[in-house]
Amino acid sequence: MIVVARMLLRRVLILVPMLLGVVAFVFVVMRFSGVKPEYAYFQGANPTAEQIHQFQVENGLLDPLPLRYVRFVADLARGDMGTSVLTKKPVLESVTTALPLTLQLTFLGLLVAVVLALVFGVVAALFRDRWPDQVIRMISLVGVAAPAFWLALLMIQWLAVGAGIFPTGGYINPADSLSGWLRSLTLPALSLSLPVAAQLTRIVRTSMVEELDRDYVRTAIGSGLPPVVVVGRNVLRNALINPLTVLGLRVGYLIGGAVVIETIYGLPGMGQLMINAVRDGDPAVVQGVVLTIAVGFMVVNLVVDILYLLINPRLRSAA
């Protein structure tokens with residue numbers, strides 16, 4: 001138990017310099033992006049040079065870059081992401097309003113991807129080189145090559161416009177209607193998850209095939225243990241280590257892909273918030289969204305590390 005706690009503490013401490021690096025990168029990129037918050041603030045008006053200069057002085061835009069960075073980090077440490085120059089609202093308020101929908105979409109997409117990958121990957125491995133395996137491998141190859149936005153457009157055309165089963169877009173709060181919430185997020189979650197599910201299916205199959213060929217599997221089955229018990233208790237658990245590596249990285253893809261998917265389906269999440277901020281030239285909102293997504297990605301990888309410890313005892317003994 002002490003070894004596990006020590007490994008977790010080490011991984012948490014690694015997140016600190018990573019987070020500082022992400023903050024510095026976002027700060028530098030936004031300052032050299034050419035986006036001028038003073039012009040976004042006076043959007044639709046014709047400000048004078050004196051008004052622009054006054055805005056720059058009041059918001060510290062003329063201060064040296066290192067001083068602005070220190071102030072930026074100090075504000076983040078207090079939970080202050082800045083203020084939108086357009087809406088005049090705190091960025092944190094906008095992020096906390098949009099984040100739950102993105103988390104819902106990402107979680108549903110992840111759940112669908114994991115379930116499909118486990119089912120089809122295990123079936124393909126158990127029926128290796130037979131027709132179920134060949135069909136699943138062909139479908140997964142197509143899924144890997146299919147971009148999420150293309151799948152989203154096809155699903156809208158076939159299942160929403162054509163069949164009328166699902167809405168073409170929009171979001172329904174689960175507090176208002178649970179069935180409406182599921183219907184509003186089904187197509188976005190499928191569009192987001194199918195490419196990830198296809199890739200994970202191939203990795204699960206490969207890991208399962210390698211594990212099924214090991215000597216302990218033949219020994220266990222030869223000694224009279226039911227194959228279902230051997231596969232479910234030992235083979236599947238050992239075979240999940242490699243897919244977990246890819247899953248941790250693919251969660252970042254799911255969060256990033258939500259930007260495009262939310263735009264296509266008109267969902268008011270983090271993606272829509274960032275697209276609007278980029279279009280309107282609101283740098284505080286853009287950097288707030290990017291930092292939130294980056295922190296989420298690092299937290300997910302920390303969770304994956306914890307799952308490594310739970311699944312693979314060799315990692316604990318190696319520590």
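Structure report, in brief. (Residues numbered from 1 in each chain as written. Predicted model: local features only at pLDDT ≥ 70, side-chain atom pairs only at ≥ 80, totals over all residues. Heavy atoms only, no water.)

Right, let's get into helix α12 (residues 270-280). Think of an α-helix as 3.6 residues a turn; residues three or four steps apart then line up on the same face. Within α12, burial applies to M270, G271, Q272, L273, M274 and A277. Looking at the residues trailing α12, positive phi occurs at G281, about 70°. (Buried < 20%, exposed > 50% of the residue type's maximum accessible area, 1.4 Å probe, protein only. Helix = DSSP H or I, 4+ residues; strand = E, 2+ residues; numbered from the N terminus.)

Our next topic: helix α11 (residues 241-265). Between the first and last C-alpha of α11 there are 34 Å, a value that for 25 residues agrees with the 36 Å anticipated at 1.5 Å per step. Taking the largest bend as the criterion, α11 deviates by roughly 35°, centred on A258. G266 sits one or two positions beyond α11 and adopts a positive phi of about 65°. (Expected span 1.5 Å × (residues − 1). Bend = angle between axes of the 7 residues up to and from the residue.)

Let us look at the packing of helix α5 (residues 91-126) against helix α8 (residues 178-212). How two helices pack is summed up by the angle between their axes together with the distance between the axes. One can describe the packing of α5 onto α8 by two numbers: an axis separation of 5 Å at closest approach and a directional angle of 35°. In the packing of α5 onto α8, the handedness of the crossing is right-handed. For the contact of α5 with α8, the per-class residue count stands at 25 nonpolar, five polar and one charged. (Axes fitted to C-alpha atoms, helices over the stretch in contact; angles between N-to-C directions. Left-handed = near helix turned anticlockwise from the far one by under 90°. Nonpolar A, V, L, I, M, F, W, Y, C, P; charged D, E, K, R; others polar.)

Our focus in this paragraph is the packing of aromatic side chains. Tallying each qualifying case throughout the model produces five aromatic pairs. Consider the rings of Y41 and F42, whose centres lie 4.9 Å apart with planes at 90°: the pair is edge-to-face. Taken together, the ring pairs connect F27, Y69 and F72 into an aromatic cluster. In this structure, R31 packs its charged tip against the face of F72, placed 5.8 Å from the ring centre. (Phe/Tyr/Trp six-rings, centres within 6.5 Å; stacked < 30°, edge-to-face > 60°. Lys NZ or Arg CZ within 6 Å of the ring centre and 35° of its normal.)

Once that is clear, we can look at the pattern of salt bridges. In the structure shown here, the tally under the stated rule is nine salt bridges. Residue D133 is joined to R137 by a salt bridge in which the shortest nitrogen-to-oxygen separation is 3.6 Å. One end of the pair, D133, and the other, R137, are both in helix α6 (residues 131-145), four residues apart, so they sit about a helical turn from each other. With a closest N to O distance of 2.8 Å, D133 and R205 form a salt bridge. Highlighted residues: D133 in helix α6 and R205 in helix α8, separated in sequence by 72 residues. Look at R205 and you get buried, because its relative accessible area is 13%. Residues joined by salt bridges that share partners form a network here, namely D129, D133, R137 and R205. (Salt bridge = Lys/Arg side-chain N within 4 Å of Asp/Glu carboxyl O.)

Turning our eyes to something else, we now look at the layout of surface pockets. The computed volume of the largest pocket comes to approximately 840 Å³. Lining the largest pocket are 29 residues, with R31, P37, N59, L61 and R68 positioned closest to its centre. Secondary structure elements with two or more residues in the lining of the largest pocket: α1 (2-31), α2 (37-41), α3 (49-58), α4 (65-77) and α13 (283-311). Here the lining of the largest pocket takes five residues from α4, the largest share from any one element. Among the residues making up the lining of the largest pocket, the classes are represented as 13 nonpolar, eight polar and eight charged. Here the second largest pocket defines a volume of roughly 680 Å³. Forming the walls of the second largest pocket are 27 residues, and the residues nearest its centre are L110, L247, V251, V300 and V303. Of all the secondary structure elements, the ones that give two or more residues to the lining of the second largest pocket are α5, α8, α11 and α13. With 10 residues, α5 is the largest single contributor of residues to the lining of the second largest pocket. (1 Å grid on protein atoms, 1.4 Å probe; cavity = no way out; pocket = protein on both sides within 12 Å on 5 of 7 lines; lining within 4 Å. Points joined across faces, edges and corners; volume = space filled by probe spheres on them.)

Here the focus is unusual backbone geometry. In this structure, K88 takes a positive phi of about 65° despite not being glycine. Residue position: K88 is located in the loop between α4 and α5. Of note, the phi angle at D129 is positive, near 65°, even though the residue is not glycine. Inspection of the secondary structure puts D129 in the loop between α5 and α6. Looking at D129, the relative accessible area reads 53%, which means it is exposed.

Before going further, it helps to spend a moment on a nonpolar patch on the surface. A contiguous nonpolar patch, built from F107, L111, V115, V119, F120, V123, L126 and F127 and spanning about 670 Å² of accessible area, is present on the exposed surface. Positionally, V123 belongs in helix α5. (Patch = residues over 30% accessible without salt bridge, like charges linked within 9 Å, V, L, I, M, F, W, Y side chains within 5 Å. Areas by Shrake-Rupley, 256 points an atom, 1.4 Å probe, with all protein chains shown as cover.)

Let us look at the packing of α5 against α12. Interhelical geometry of α5 versus α12 gives an angle of 135° and a closest axis separation of 7 Å. Compared by their axis directions, α5 and α12 come out oblique. Of the residues in α12, those touching α5 at S94, V95, A98, L99 and T102 are M270, G271 and L273. Looking at side-chain class alone, the contact of α5 with α12 contains five nonpolar, three polar and no charged residues. (Parallel < 35°, antiparallel > 145°, perpendicular 65-115°, else oblique. Contact = heavy atoms within 4.5 Å.)

Scope: geometric values only; no functional claims are made or implied.
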